[in-house]
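Residue-level listing of the chains:
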Amino acid sequence: MQNKLIFKFWRRTHIKESTDTEIGTINTHEEEKDNHEWDNPLEFIFSLISNSVGLGNVWRFPYLAAKSGGGLYSILLSYTIYRFICYIGAFLIPYFILYFLIGAPIYYLELALGQFSSRGPATAFLLAKGWQGVGFAMIINSVLCMLYYNVIISWALFYFISSFRTNLLWKKCGYWWNDARCFVPGADSSSFRVNGTTYNCTEPQFLNRTEYLCEQINATDRVTATEQFFFQLLLNKSNKFEDFGRPRAYPAVSLLLAWIIVGACIIRGVKSSGKVAYFTAIFPYIVLLVLIIQSSLLNGAIQGIKYYVIPRWELVAKFETWQAAASQVFFSLGLSFGSLMAYSASNKFNNNFFRQMCIVVSCDCFTGVFAGFAVFATIGYLSTELKESVSKYADASGPGLAFITYPEAIAHMPASSLFSILFFLMLLALGLGSQFALTDVPITSILELFPRFKSQRELTVIITCVVSFLISLPFTCPVRIEVFLNFISEYRNVFIEFLFYGTKYIRSIGPSTDNGSSDDNNCPEKPRYIEAFTQNNAPRYDWGPKKSISHVGLYAYLKTVESKDVIVLDRIMNVSNDGYSNRSYQEDCISNKNAPQIPTERH
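Reading guide: rules and limits
- Residues numbered from 1 in each chain as written.
- Predicted model: local features only at pLDDT ≥ 70, side-chain atom pairs only at ≥ 80, totals over all residues.
- Heavy atoms only, no water.
- Helix = DSSP H or I, 4+ residues; strand = E, 2+ residues; numbered from the N terminus.
- Buried < 20%, exposed > 50% of the residue type's maximum accessible area, 1.4 Å probe, protein only.
- Contact = heavy atoms within 4.5 Å.
- Areas by Shrake-Rupley, 256 points an atom, 1.4 Å probe, with all protein chains shown as cover.
- Core = buried A, V, L, I, M, F, W, Y, C linked by side-chain atoms within 4.5 Å.
- Axes fitted to C-alpha atoms, helices over the stretch in contact; angles between N-to-C directions.
- Parallel < 35°, antiparallel > 145°, perpendicular 65-115°, else oblique.
- Left-handed = near helix turned anticlockwise from the far one by under 90°.
- Nonpolar A, V, L, I, M, F, W, Y, C, P; charged D, E, K, R; others polar.
- Disulfide = S-S within 2.5 Å.
- UniProt positions renumbered as here; feature names shortened; annotations may be inferred.
- Expected span 1.5 Å × (residues − 1).
- Polar contact = N/O pair within 3.5 Å; in protein donor to acceptor, adjacent residues only side chain to side chain.
- Patch = residues over 30% accessible without salt bridge, like charges linked within 9 Å, V, L, I, M, F, W, Y side chains within 5 Å.
- Salt bridge = Lys/Arg side-chain N within 4 Å of Asp/Glu carboxyl O.

Here we take up the overall build of the protein chain. Looking only at helices and strands, one finds 26 helices and five strands in the protein chain. Within the protein chain, buried positions represent 51% of all 603 residues. Relative to all contacts within the protein chain whose residues are 6 or more apart in sequence, the contacts with residues 24 or more apart total 79%. Taken as a whole, the protein chain presents about 29500 Å² of accessible surface, with 61% of it coming from carbon and sulfur.

With 122 residues, the main nonpolar core has Phe91, Tyr95, Tyr107, Tyr159, Phe403 and Met426 as its most contacted residues. With 15 residues, the top contributor of residues to this core is helix H21 (residues 416–449). The contacts of tyrosine 107, once residues within four sequence positions are left out, are Leu48, Ser52, Leu333, Leu335, Leu340, Met357, Val360 and Val361. Formed by eight residues, the second largest nonpolar core is a distinct cluster that contains Ala124, Phe125, Leu127 and Met341.

This next bit is on unusual backbone geometry. Even without being glycine, lysine 387 reaches a positive phi, approximately 55°. In this model, alanine 415 sits at a positive phi of 55°, which is unusual for a non-glycine residue. With respect to the element layout, alanine 415 can be found in the loop between helix H20 (399–411) and H21.

Close contact between helix H9 (residues 132–162) and helix H13 (residues 249–265) brings their axes to 8 Å; oriented N to C, the two are set at 110°. Comparing their axes, H13 and H9 come out roughly perpendicular. H13 is crossed by H9, and the crossing has right-handed handedness. Each of Met146, Asn150, Val151, Ile153, Ser154, Leu157 and Phe158 in H9 lies in contact with H13, whose residues at this interface are Tyr250, Ser254, Leu255, Leu257, Ala258, Trp259, Ile261 and Val262. Taken together, the residues of the contact of H9 with H13 break down into twelve nonpolar, three polar and no charged.

Our next topic: the state of the cysteines. Applying the stated criterion across every chain yields a total of one disulfide. Each sulfur of the disulfide joining cysteine 173 and cysteine 182 lies 1.9 Å from the other. Across the disulfide from cysteine 173 to cysteine 182, rotation about the S-S bond amounts to roughly -85°, and the bridge is consequently left-handed. The partly exposed category is assigned to cysteine 173, whose relative accessible area is 26%. With relative accessibility at 6%, the residue cysteine 182 sits in the buried group.

Per the UniProt entry, the sites bearing "transmembrane region" (unreviewed entry) are residues 134–161, 249–270, 282–302, 322–345, 357–382, 418–438 and 459–476 in this numbering. The span residues 322–345 shows a helical share of 75% and a strand share of 0%, and its end C-alpha atoms are spaced 33 Å apart. Split by type, residues 418–438 is 100% helix and 0% strand. Its first and last C-alpha atoms lie 31 Å apart.

Okay, helix H18 (residues 353–385) next. The end-to-end C-alpha distance of H18, which contains 33 residues, comes to 48 Å, matching closely the 48 Å that a straight helix rising 1.5 Å per residue would cover. Directly beyond the C-terminal end of H18, a positive phi value near 55° is found at lysine 387.

Below, the discussion takes up the side chain of lysine 271. Position of lysine 271 relative to the elements: it lies in helix H14 (residues 270–296). Polar contacts involving the side chain of lysine 271 include one to the main-chain carbonyl oxygen of glutamate 37, which spans 3.0 Å. A polar contact is formed between the side chain of lysine 271 and the side chain of aspartate 39, at a distance of 2.8 Å.

This chain's UniProt record puts "binding site: Na(+)" (unreviewed entry) on Val53, Asn57, Ser332, Leu430 and Ser434. Their sequence span is 382 residues, while the largest C-alpha to C-alpha distance among them is just 11.7 Å; these annotated residues converge on one region. Considering the arrangement of structural elements, one finds serine 332 in helix H16 (residues 319–333). If sequence neighbours within four positions are ignored, serine 332 has contacts with Ser52, Asn57 and Asp364. By secondary structure assignment, the location of serine 434 is in helix H21. The residues contacting serine 434, other than those within four sequence positions of it, are Ser50, Asn51, Val53, Gly54 and Tyr149.

Where helix H7 (residues 92–117) meets H18, the axes come as close as 10 Å, and the angle between the chain directions of the two elements is 145°. Judged by the twist between their axes, the crossing of H7 over H18 is right-handed. Across from Leu92, Tyr95, Phe96, Tyr99, Phe100, Ala104, Tyr107, Tyr108, Leu111, Ala112 and Gln115 in H7, the residues of H18 making contact are Phe353, Phe354, Met357, Val360, Val361, Asp364, Cys365, Phe366 and Val369. Class assignment for the residues of the contact of H7 with H18 results in 18 nonpolar, one polar and one charged.

A cluster of nonpolar side chains, Ile161, Val253, Leu256, Leu257 and Ile260, forms an exposed patch at the surface whose accessible area comes to about 430 Å². With four residues, H13 is the largest single contributor of residues to the nonpolar patch. Within the element layout of this structure, leucine 257 appears in helix H13. The class for leucine 257 is partly exposed, based on a relative accessible area of 36%.

Right under this line is the structure:
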């Protein structure tokens, strides 16, 4: 069974003995038929920017920066080095350190591995025995993120469609999904209290309470119109976990539309997603610039910006600040998801990806800082309008910031419908750019592990999107918010364990059978764990660039390996006495200590 599985993953189209000329012709023809490369290097850059610059840059980075110490404060005081450090700020110190000392090198490594081997995460890590699980862990990581990420995109799509109205649906109460607890924050809608009793209306409305249906409520149980739009209409949140219910119409249809958009944009791989990247990479910056200009002119914007930029130095020494910075770096750059390798595998072998990496990393790094001004200027305006403290709204992050706090602020702005359309279209562009890359990982892996499907990419994309929609459909049930939050929590725990996982040996090593003296073999005695580590990390002699056109110079020996498919196939199918099923690795003393060993020289 093991032999059949290995044969399925590794067999080639032609296994008969052939001349070098015949094999070269066959390989060239097959590569031209399966030429899956970027049409333009600019599309590759924009796709990387779309992948890295996602929703977290808008709703997570500004929140973490403000919560973990702020930054950007003292640039106006002096240009000395000390003042420049003050400018960097409490949160940005660990953020930039981790970004350029850890994030950028790993980003470069993933791009290099994908472009050099022309392989995605499923097969690129076949370079050594002990590394094969890393690629499959990336695929699992990407699939888990892909399932819940498109749910958020579907929410943004629902808000975007709902914004095409003169009066936004979350601007006031009185709709069928609102209840007696609903109120609109502001000076004109403060609750009325008389004799210790609170009513869900203002004093003028209470005097005519028969018309306004004023009811007695719990003062701590009031819910804004924006919250009820999100929880009651869109999510239809249930009161307890047992009320699982069935998929609701609005979120289910929105999720279906989101998967249709994703499938249509990646149906031809980088040939189609590369074209969409021009929009998903450029449009968010245009909207952010418009929002910054517009929000900075609003009353109270300076209060929100001050809250964002003033540093709190006592937080720099706390571990939580560095942990928040590390999580933001890994999630923002898209490290360990496999999408970087899948994209760079479609590059030309000699592409200058270092320069492209520098451009993308710089854009991603400063986009969060850039977006923070738009977010906190808007929060400052909202807090001033509602006569609340900035910290009350600054504590919101994630979906709460994007679908409750920011829509609440937009509802109080002039031309609210226009800015709502722009904002949620920006969220769609940010989310879809990352979703394209995440969804491309399992598709690329399927095509690599099952080469027979390479000519049926469109069918593979459709099946993947349909299956993913069905799996994520429970998130559209009334209890989905609890399931959704639990899923994200468990996913983050698994992701953190994956990042800070130790080296473990999956393959068990049998007991030593050394009955002779050390003179009976050519290898010196060494601990078993060192032997296992050496053998599991020894590189394959036949691993290298996948495309035969790149088998030149240092990699010319791979042509000899390709020209002897029968021998290579025999090595793969041959199971040795030590239990390993592949002899293409370098020989190691662990195989048989009694037998004389002949070292295998690498070409």
